[in-house]
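# Inside the fold
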Amino acid sequence: MSYNLKRLSGYLLTLLTLLTAACNRQGTHKAVVKPPKPLSFKSIAGVNFIEVRRRVASGLSFDEHGFEAEPSYKITFLTNDSASVYSPDKKAFINFLVFLEPDSIFNVARSYFKMKHMSKDSLVLQVLEVQGDTLHMKHSLVYMTFYSDNYLKNVLHTDAQTLGKPDKRDTLFIQKKAAIANKFPDSAFAARQPVTLRSLSSLLTLDRVNVKPDMSNNYDASDYYMNPEFNITINKAYEDFSYSFWVCVDDKGRITFYQSVDYIMPEYRESTIKTIKGIINGYLKAYMAATPGTTLGIKHTSMIILNVVGKK
């Protein structure tokens, strides 16, 4: 199911009109069609909520690609049209306008959510995927659970950090995926603690491309481990070159070519891949060491991007 934000209100109004007209035509069999109750935050205004659990549709903390649905949100609804949201970047709460949509959908801090449950003790939100001006419900498979400060401290007597940790089911899931990925590199998945690289020669310098959580990515820095990227420079190379490519790093730290980041014309594909593999075997394996990535302490095959520049 998808929602076009510009048309959603119009669709609901048209539907109600048609249903009402149909009922009126049936004489004694009239039915009253009640419009959906609009979402209101008045009953929870001023209550401080902190996210204690984030899960994908399977109920796990991790999806098939290695993405961890990690709780990090803090929110207080001030009125029906404003909320205070904690900014990890600013380390402070920032006030945002709240835009209400039909069907318990709302926008705050540049994100769309659907309210699934609301009380003074807890909230459950569905994170909505947005493409252009359309919400794609079938792709919106992440759910956030919040508890109020009072409920955590005075009823559960615990904290959000304790409740937010991955559980035994997550460990079993990662163990199974790791065993498959270590045997079949095509099944590699992102490591929550990604691969690290270390130069073994003064001829090779490298740096990790950083991903900073800020307003531009809704404070989501998951690309840091989902798509780890390194810039590498090799001095005194046999010639000047520049290539960007994906490599697999297995559970032993061994590096193998996977695919080019850039499109390669068919007539140059074989020779280009041969050159890249030569760079990996001739320079990278000799000049640097890789430590495999891990998830929940389990080593497994994962992929990283290398931007390699050679200078004569």
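So, how was this worked out
Residues numbered from 1 in each chain as written. Predicted model: local features only at pLDDT ≥ 70, side-chain atom pairs only at ≥ 80, totals over all residues. Heavy atoms only, no water. Core = buried A, V, L, I, M, F, W, Y, C linked by side-chain atoms within 4.5 Å. Buried < 20%, exposed > 50% of the residue type's maximum accessible area, 1.4 Å probe, protein only. Helix = DSSP H or I, 4+ residues; strand = E, 2+ residues; numbered from the N terminus. Contact = heavy atoms within 4.5 Å. Pairing = 2+ DSSP bridges. Axes fitted to C-alpha atoms, helices over the stretch in contact; angles between N-to-C directions. Salt bridge = Lys/Arg side-chain N within 4 Å of Asp/Glu carboxyl O. Lys, Arg positive; Asp, Glu negative; His and termini not counted. Phe/Tyr/Trp six-rings, centres within 6.5 Å; stacked < 30°, edge-to-face > 60°. Lys NZ or Arg CZ within 6 Å of the ring centre and 35° of its normal.

## Describing the nonpolar core
Looking at soluble globular proteins, one finds that nonpolar side chains tend to be buried together. L197, I232, I234, F245, L284, L306 and V308 are the most contacted members of the largest nonpolar core, which has 26 residues in total. Secondary-structure elements contributing two or more residues to this core are β15 (229-235), β16 (241-249), β17 (255-260), α6 (266-287), β18 (288-291) and β21 (302-311). Residue contributions to this core peak at 7 residues, all from α6. Among all residues touching I232, those that are not within four sequence positions of it are L197, L204, T205, L206, L284, M288, L306, N307, V308 and V309. Counting 21 residues, the second-largest nonpolar core is a separate cluster that includes I44, I75, F106 and L123.

## Let's talk about the sheet that holds strand β12 (residues 142-148)
Taken in spatial order, the 9 strands make up an open sheet running β5-β4-β3-β2-β12-β9-β8-β7-β6, and their pairing is antiparallel. The sheet is open, and its two edges are formed by β5 (92-97) and β6 (99-101), each paired on a single side. Each neighbouring strand pair of the sheet contributes to a mean axis angle of 35°, computed without reference to strand direction. Bridge analysis of strand β2 (residues 48-56) against β12 gives 7 bridges, and the strand direction is antiparallel. Within β12, the position partnered with V56 by the bridge is V142. Its contacts with the sheet place helix α2 (residues 149-156) against β2 and β12, and it is angled at close to 65° to β12.

## What to know about the sheet that holds β21
The strand order β14-β15-β21-β16-β17 describes an open sheet built from 5 strands, whose pairing is mixed. Every interior strand has two partners, whereas the edge strands, β14 (204-208) and β17, have only one. Direction aside, the axes of adjacent strands within the sheet are offset by 30° on average. Bridging between β16 and β17 involves 5 bridges; their strand directions are antiparallel. In the strand pairing of β17, C248 is matched with T256. Contacts from α6 reach β14, β15, β16, β17 and β21, with the element oriented near 75° to β16.

## Some points on the environment of T272
Looking at the secondary structure, you find T272 in helix α6. Exposure remark for T272: the relative accessible area of 16% places this residue in the buried category. Apart from the residues lying within four places of it in its own chain, the contact partners of T272 are Y243 and I264.

## Here we look at the pattern of salt bridges
All chains considered together, the criterion is met by 8 salt bridges. For K177, the salt bridge goes to E64, with nearest N and O atoms at 3.3 Å. With a gap of 113 residues between them, K177 in helix α4 (residues 168-183) and E64 in the loop between β2 and β3 (74-79) connect regions that are remote in the sequence. Here E70 ties to R192 by a salt bridge, and the two come within 2.7 Å at their closest N and O atoms.

## Let's talk about the side chain of D170
Within the element layout of this structure, D170 appears in helix α4. One buried charge, D170, has no salt-bridge partner; the nearest side chain with opposite charge is R55, at 4.6 Å. Not counting residues up to four positions away in its chain, the partners in contact with D170 are L60, S61, F62 and L296.

## Looking at the packing of aromatic side chains
Inspection of every chain in the model, using the stated rule, returns 14 aromatic pairs. Both rings, one in F241 and one in Y283, keep their centres 6.3 Å apart while their planes meet at 35°; by these two values the pair is tilted. On the criterion of sequence distance, the pair formed by F241 in strand β16 and Y283 in helix α6 is long-range, its members being 42 residues apart. Here a set of aromatic residues connected by ring pairs shows up, and it is made of F41, Y73, F77, F106, F113 and F146. Above the ring of F189, the side-chain terminus of K177 is found at 4.8 Å from the ring centroid. Positioned above the aromatic ring of Y224 is the side chain of R208, whose terminal nitrogen or guanidinium carbon lies 3.7 Å from the ring centre.

## Observations concerning the environment of F113
With respect to the helices, strands and loops of the structure, F113 is situated in strand β8 (residues 111-118). On the accessibility criterion, F113 (3% relative accessible area) is buried. C-alpha separation for the pair F113 and E129, spaced 16 residues apart in sequence, amounts to 8.8 Å. Once residues within four sequence positions are removed from consideration, F113 is found in contact with Y73, S104, I105, F106, V108, L125, Q126, V127, L128 and M144.

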